[in-house]
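Summary of structural features
One-letter residues, chain by chain:
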Amino acid sequence: MRAHEAGALHGDLGSRGPAWLRTPEDVNALVSPLWPRTVRRTEAGSLEIGGVSVADLAADYGTPAYLLDEEDLRGRCRDFAAAFADADVYYAGKSFLCKAVVRVVEEEGLFLDVCSGGELAVALAAGFPPERMGFHGNNKSVSELSRALEAGVGRIIVDSFQEIARLTELARRTGKRPGVLVRVTVGVEAHTHEFIATAHEDQKFGFSLAGGAAFAAAAQIIDEGVLDLRGLHSHIGSQIFDTSGFEVAARRILELQAQIRDARGVELPELDLGGGFGIAYTTQDDPSAPGDLAKRINKIVESECELASLRVPKLSIEPGRAIVGPSVFTLYEVGTVKDVDGIRTYVSVDGGMSDNIRTALYDASYSATLANRRSEAEPMLARVVGKHCEAGDIVVKDEFLPADVQPGDFIAVPGTGAYCRSMASNYNHVPRPPVVAVRDGAARVIVRRETEDDLLALDVG
Ligand SMILES: Cc1ncc(COP(=O)(O)O)c(C=O)c1O
Ligand SMILES: N[C@@H](CCCC[NH3+])C(=O)O
């Protein structure tokens, strides 16, 4: 029995209810916020991206592959830059970084946030202007800090008293005066998965506001006068839809700004409210457009500044997921289809948790569609799983796919531009997939597929 015939099955979707029950027509539809802008289903029924069919891309580059819609990515950079015209928009490179993306970010006028020596190296190799970079991290090494200083990184977001001491020592030694922000833990419980919330008190990032460490850090930097304190920083977490968390964060951080002014007579000129803007992974998600986010955030900052009699500081934000996440889908080939009687159908693809760990790690929800053809078959509740030796190797927990899905079909999973390739692993010695950028009918590999030789080259035993 195919799982779509099993009535009891739908109970498995719990509160998502009948909205999830789909017709064959729905199963073939591409719901707009989920897919990159140039993706469409052709008359013949297969998907194309940037004017190139997935069949051609699979033939040329193999599967699995991350397919990046360059026009979509550039469009999202431009949308953020235009919406936050009075602010600096730092693209958060941790979401996905390679030289080609660094160049896109630069060409579209954004700034860049890096958070390790490796990300800094990629950015510098791509020729990104260091003065437009911010350097994050709760445990930057002396060598990473030295490289940032040597390169002339525009600002370093300091995260601990030890780091302030290390950077101060380096600055004294080299005669440089780096711009810094103090990362503040504002005590906000962001409405997101606990692993990706970063502003509640009990965690590793930043200086506590409530405990007084944030004030002490800022005061120490001002008193020592070696580092150039430009402002305060807050990042409340990731995949957030509700702007009330930003509102509380802005209020608290501006109160601290006023406290610093009152105690030291210094009005800090900059304020960074971090990233974290949510995207649509399923039809249940309803993300805000950059223009709406900008309006709400600017209003919050202006009114809080008025209340505290502060000049409005130069604002910056650090979106990663909201820029690159929706620009990519992963293309997989189906290898096996297994009906577990009365429970569900498992559709196994040629990748899995090594190219997308988010489902296993955060219980994240994704969507999927049959990519190589249109099907008139009845919808079947499926679970898209990978090829790893791990029961939790799930890519898409629940999705309606046509009941005739079979080995050799292609499955596309949207929303995989952020934190998928960047968090990919070699579990089971599965080589990591390539990233292929497609635009105006032409495709180019921007990160090549890893090979078994690459893996063996590391094994020097
Ligand atoms: C300090 C900081 N800035 C920006 C980001 C980017 O977040 P997102 O990709 O959710 O916009 C992160 C990651 O959560 C972060 O830790
Ligand atoms: N890696 C996380 C986001 C947090 C990363 C940055 N602090 C994700 O996949 O959602």
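Residues numbered from 1 in each chain as written. Chains lettered and ligands numbered in written order. Predicted model: local features only at pLDDT ≥ 70, side-chain atom pairs only at ≥ 80, totals over all residues. Heavy atoms only, no water.

A word on empty space enclosed by the protein. Applying the stated criterion across every chain yields a total of 2 cavities of 30 Å³ or more. By volume, the largest cavity amounts to about 80 Å³. Contributing to the lining of the largest cavity are Arg22, Asp26, Val27, Ala29, Val31, Leu34, Trp35, Ser367, Ala368, Thr369 and Glu399. Each residue belonging to the lining of the largest cavity can be placed in one class, and the counts come to 6 nonpolar, 2 polar and 3 charged. Here the second largest cavity defines a volume of roughly 30 Å³. (1 Å grid on protein atoms, 1.4 Å probe; cavity = no way out; pocket = protein on both sides within 12 Å on 5 of 7 lines; lining within 4 Å. Points joined across faces, edges and corners; volume = space filled by probe spheres on them. Nonpolar A, V, L, I, M, F, W, Y, C, P; charged D, E, K, R; others polar.)

The next subject is the pattern of salt bridges. Scanning the entire structure with this criterion turns up 30 salt bridges. With a shortest N-O distance of 3.6 Å, Arg230 and Asp228 are connected by a salt bridge. Arg230 is the partner of Glu270 in a salt bridge, and the nearest nitrogen-oxygen pair spans 3.0 Å. Separated by 40 residues along the polypeptide, Glu270 in strand β12 (residues 270-272) and Arg230 in strand β11 (residues 228-233) bring together distant segments of the chain. On the accessibility criterion, Glu270 (16% relative accessible area) is buried. One salt-bridge network, in which partners are shared between bridges, spans Glu70, Arg74, Arg78, Glu107, Glu108, Arg439 and Arg444. (Salt bridge = Lys/Arg side-chain N within 4 Å of Asp/Glu carboxyl O. Helix = DSSP H or I, 4+ residues; strand = E, 2+ residues; numbered from the N terminus. Buried < 20%, exposed > 50% of the residue type's maximum accessible area, 1.4 Å probe, protein only.)

With that out of the way, let us pick up unusual backbone geometry. Residue Pro64 is reached from Thr63 by a cis peptide bond, and omega for that bond is -10°. Tracing the backbone shows Pro64 in the loop between α2 (54-61) and β4 (65-69). Positive phi outside glycine occurs at Tyr419, with the angle close to 60°. Assignment of secondary structure puts Tyr419 in the loop between β19 (410-414) and β20 (435-439). What makes Tyr419 buried here is its relative accessible area of 15%. In this structure, Asn428 is a non-glycine residue whose phi angle is positive, near 60°. Counting through the fold element by element, Asn428 comes out in the loop between β19 and β20. We classify Asn428 as partly exposed; its relative accessible area is 36%.

Helix length check: helix α3 (residues 70-83), at 14 residues, gives a terminal C-alpha distance of 20 Å against a target of 20 Å (1.5 Å per residue), a fit within 8%. Listing the buried residues of α3 in full gives Glu70, Asp72, Leu73, Arg74, Gly75, Arg76, Cys77 and Phe80. Structurally, the start of α3 carries an N-cap: the backbone nitrogen of Glu71 is 3.2 Å from a side-chain oxygen of Asp69. (Expected span 1.5 Å × (residues − 1). Polar contact = N/O pair within 3.5 Å; in protein donor to acceptor, adjacent residues only side chain to side chain.)

On to the site of ligand 1, then. Lining the immediate surroundings of ligand 1 are 15 residues, of which Ser238, Gly276, Glu318, Arg321 and Tyr419 lie closest. Interatomic distance of 2.3 Å between a side-chain N/O atom of Ser238 and an oxygen atom of ligand 1. Isolated, ligand 1 exposes 390 Å² of accessible area, and the fraction of that covered by the protein chains is 93%. By residue class, the composition of the shell around ligand 1 is 3 nonpolar, 7 polar and 5 charged. (Near = heavy atom within 4 Å. Areas by Shrake-Rupley, 256 points an atom, 1.4 Å probe, with all protein chains shown as cover.)

Turning our attention to the UniProt feature "binding site: pyridoxal 5'-phosphate" (unreviewed entry) in the protein. Those residues carrying the UniProt feature "binding site: pyridoxal 5'-phosphate" (unreviewed entry) are Gly276, Glu318, Pro319, Gly320, Arg321 and Tyr419 in this numbering. Within the secondary structure, Gly276 is located in the loop between β12 and α10 (290-307). Judged by relative accessible area, Gly276 falls into the buried class, the value being 8%. The class for Pro319 is buried, based on a relative accessible area of 0%. (UniProt positions renumbered as here; feature names shortened; annotations may be inferred.)

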